[in-house]
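Observations on chain architecture
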There are 2 protein chains.
Amino acid sequence: MDLISNGWFSEVQNELWPGQSFSLKVKKVLHKEDSKFQNIQIVETENYGMCLILDGIIQCTLRDEFSYQEMISFLPLCLHPNPKKVLIVGGGDGGVAREVVKHPQVEEVHQVEIDDRVVELSKQYLPSMACGFENPKLKLTIGDGFEYMKNHSNEFDVIITDSSDPVGPAVSLFQESYYELMKNALKDGGIVCSQGGSFWLDIAHIKKTMDGCGQHFAKVAYAVTSVPSYPCGHIGFVIGSLNKNQVFKTPTKKFENSEIDSLNLKYYSSEVHASAFALPRWVEKHLYE
Amino acid sequence: MDLISNGWFSEVQNELWPGQSFSLKVKKVLHKEDSKFQNIQIVETENYGMCLILDGIIQCTLRDEFSYQEMISFLPLCLHPNPKKVLIVGGGDGGVAREVVKHPQVEEVHQVEIDDRVVELSKQYLPSMACGFENPKLKLTIGDGFEYMKNHSNEFDVIITDSSDPVGPAVSLFQESYYELMKNALKDGGIVCSQGGSFWLDIAHIKKTMDGCGQHFAKVAYAVTSVPSYPCGHIGFVIGSLNKNQVFKTPTKKFENSEIDSLNLKYYSSEVHASAFALPRWVEKHLYE
């Protein structure tokens, strides 16, 4: 798991992405510890900035994190007609919170993260991400997202699940039972958006997750964004809506590019939103036909 | 350059993508040689199939090559109202030829590849790509694309430049002078599409190439496709059109999904075509504003 060798960190995960590995040249290892839940490393890389690694898997690098954080936030927020109350599950680096609070209709953001050590280390080493926690709209709870959901019903407009991969502490967040809990926690017309892997790696798992979501949500879709430091250079999102008339590629809230710029968004735009749902033909067939 | 260590091949290129590296687990090294132009390796990988490597840089793997080959071919072909005569520069693995000949309007395909050893080795080790050379529509010339272009004017509807990266034999294919030559080789309304790197790595170089293209072409755009075995997990295309009314995201020739399937296309579709031109906000600003 601690694969730093000859000055390079290599991300090896034989179960999730066998036979391939992305490596980053390391300037300095800043912090290493085993929390109650996972191994945490903070590494300064030569060309990708600060990097947070959990159980040997890259969670974010400062160079490209904005792609993931903006898209996992603004895809669901802009699909909802009035996203006032938002729940974030996971996201201990603060990046999703940082983006969600930008949205002009968002009034309250509740976040539940299982590992307080990730939050504390992000505040220390990733301040440009952890600044999300300082926003007065945000209330952070340390705890289990699955358990949190059981105690909240009919409360939220949007639920964003920014989890690690389906090995380790996040595995329950990909299961049908989690989508059932999320449905109950949402108000009418609510929308969920969850980290959803790569169609190059495990399209069967994505389909299974979408089918589980579809048992509780009227409409389900998959979208992707480019993130070079994630396996296969991108990551997808499973998005469910309780609105049976939802058209995912058409944002309900369209921003002009001038608004995009004044919100300090660098990746997301209404045009990018639409394109994120256009999937390669073989993926489209597998997931939707 | 020959970076096979502990059973893994690592793609290291300190000039083009410093501080990052993609690695593939190797089953067997099938062939290695230095041709007149470059070092050629054919490697069988554990999870990506056969892999062609030139000067230490992955050119294609059987697992994901169809994304690149289909998009570099069908993006320009479907933008042209009547792409009868096509030129391919480079493409010695045969993959682009394989795709181009599928297009129902294409009658003649001329290809010029500098390194006959790449062609021969592809026929031997990558038959599912080199099959492109067997099509009766195709005429292959071994030679320099830049020189070839000087001897052909007003001939082609579409020119596809499937080159290696701008270090080594392909460097001249990214220069403005090459776009000037291509313009002269095209008929009225002609379209060019060239391999164009990654916006995560060298957006300045992409802009420079597009500006060079724009000196000779009425309209220029950039599009991307997902390819996990390329640096940053994707690759872009610089596309120029002599038609001043060209709208790149709208294919002139739209295929229904049933036609896409009967053409045995696995990546490209008319919807994917449109989405390929939607660029992250910061990229859109840098390249177009």
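Residues numbered from 1 in each chain as written. Chains lettered and ligands numbered in written order. Predicted model: local features only at pLDDT ≥ 70, side-chain atom pairs only at ≥ 80, totals over all residues. Heavy atoms only, no water.

To be explicit about the condition: UniProt positions are given in the numbering used here, feature names are shortened, and annotations may be inferred rather than shown by experiment.
The name an unreviewed UniProt entry assigns to chain A is PABS domain-containing protein, from the organism Drosophila willistoni. In its Sequence similarities (unreviewed entry) section, the UniProt record describing chain A reads: "Belongs to the spermidine/spermine synthase family."

**Observations regarding the interface of chain B and chain A**
Operational definition: For this analysis, residues touch if any pair of their heavy atoms sits within 4.5 Å. Accessible area that two parts lose when put together, evaluated with a 1.4 Å probe and summed over both, is termed the buried area. Salt-bridge detection follows one rule: a side-chain nitrogen of Lys or Arg within 4 Å of a carboxyl oxygen of Asp or Glu. Polar contacts, as used here, are pairs of N or O atoms within 3.5 Å; protein pairs need one atom able to donate a hydrogen and one able to accept it. Residues neighboring in sequence count only if both atoms are side-chain atoms. Starting at the N terminus, helices and strands are each numbered in turn, a helix being any DSSP run of H or I of at least four residues and a strand any DSSP run of E of at least two.
Contacts between the two partners involve 41 residues from chain B, matched on the other side by 42 residues from chain A. The contact between chain B and chain A buries some 3400 Å² in all, and 53% of this surface belongs to carbon and sulfur atoms. Counting the contacts that link chain B with chain A gives six salt bridges. Along the contact surface separating chain B from chain A lie 19 residue pairs in polar contact (both at pLDDT 80 or more). For the side of chain B that touches chain A, the secondary-structure elements that each account for two or more residues are β3 (17-34), α1 (65-79), α8 (257-262), α9 (270-276) and α10 (281-288) of chain B. Here the side of chain B that touches chain A gets eight residues from one element, more than from any other, and that element is β3 of chain B.

**Quick look at the pairing of strand β8 (residues 108-113) of chain A**
Residue and element names in this part refer to chain A. Formally: Burial here depends on accessible area, computed with a 1.4 Å probe over protein chains only, as a share of the maximum for the residue type. Under 20% is buried, over 50% is exposed, and the range in between is partly exposed. Strands are treated as partners if at least two bridges between them are detected by DSSP. Crossover handedness is defined here as right-handed if the route from the first strand over the helix to the second strand goes clockwise, with the strands pointing away from the viewer.
Across the six residues that make up β8, a large majority, five, are buried. Sheet analysis places strand β7 (residues 85-90) next to β8, joined by five bridges and oriented parallel. By the bridge assignment for β8, I88 is matched with Q111. Note on the crossover from β7 through helix α2 (residues 95-100) to β8: the handedness is right-handed. Of the strand pairs in this sheet, β8 and strand β9 (residues 138-142) are connected by five bridges, and their pairing is parallel. The residue bridging V112 from the neighbouring strand is T141, located in β9.

**Details of the nonpolar core**
So the rule is basically this: In these notes, a set of buried Ala, Val, Leu, Ile, Met, Phe, Trp, Tyr and Cys residues joined through side-chain atoms within 4.5 Å is what counts as a nonpolar core.
Counting 84 residues, the largest nonpolar core has I159 of chain A together with I239 of chain B as the members making the most contacts within it. Considering every element that reaches this core, the biggest residue donor is α1 of chain B, with nine residues. In terms of nonpolar packing, the next biggest core, distinct from the first, is built from 83 residues, F74, L138 and Y268 of chain A together with F146 of chain B among them.

**Looking at the side chain of T209 of chain B**
Residues and elements named next belong to chain B. Its place among the elements puts T209 in helix α7 (residues 203-214). The exposure class assigned to T209 is buried, which follows from its relative accessible area of 5%. Discounting residues that sit within four places of it in the chain, T209 has contacts with F174, Y179 and V238.

**Examining the UniProt feature "domain: PABS" (unreviewed entry) in chain A**
Within the UniProt annotation, "domain: PABS" (unreviewed entry) is assigned to residues 6-242 of chain A. From the first C-alpha to the last, residues 6-242 of chain A spans 50 Å; its make-up is 27% helix and 38% strand.

**A look at the relation of the copies chain B and chain A**
The cut-off we apply is this: Residues below a pLDDT of 70 in either copy are left out; the C-alpha atoms of the rest, at least 70 in both, set the least-squares superposition of the copies.
Between chain B and chain A, the superposition needs a rotation of 180° and an axial shift of 0.0 Å, giving an RMSD of 0.0 Å. What the superposition gives is, in effect, a two-fold axis relating one chain to the other. When you check the interface residues of chain B against chain A, 100% turn up at the interface there too, and the contact is symmetric in its surfaces.

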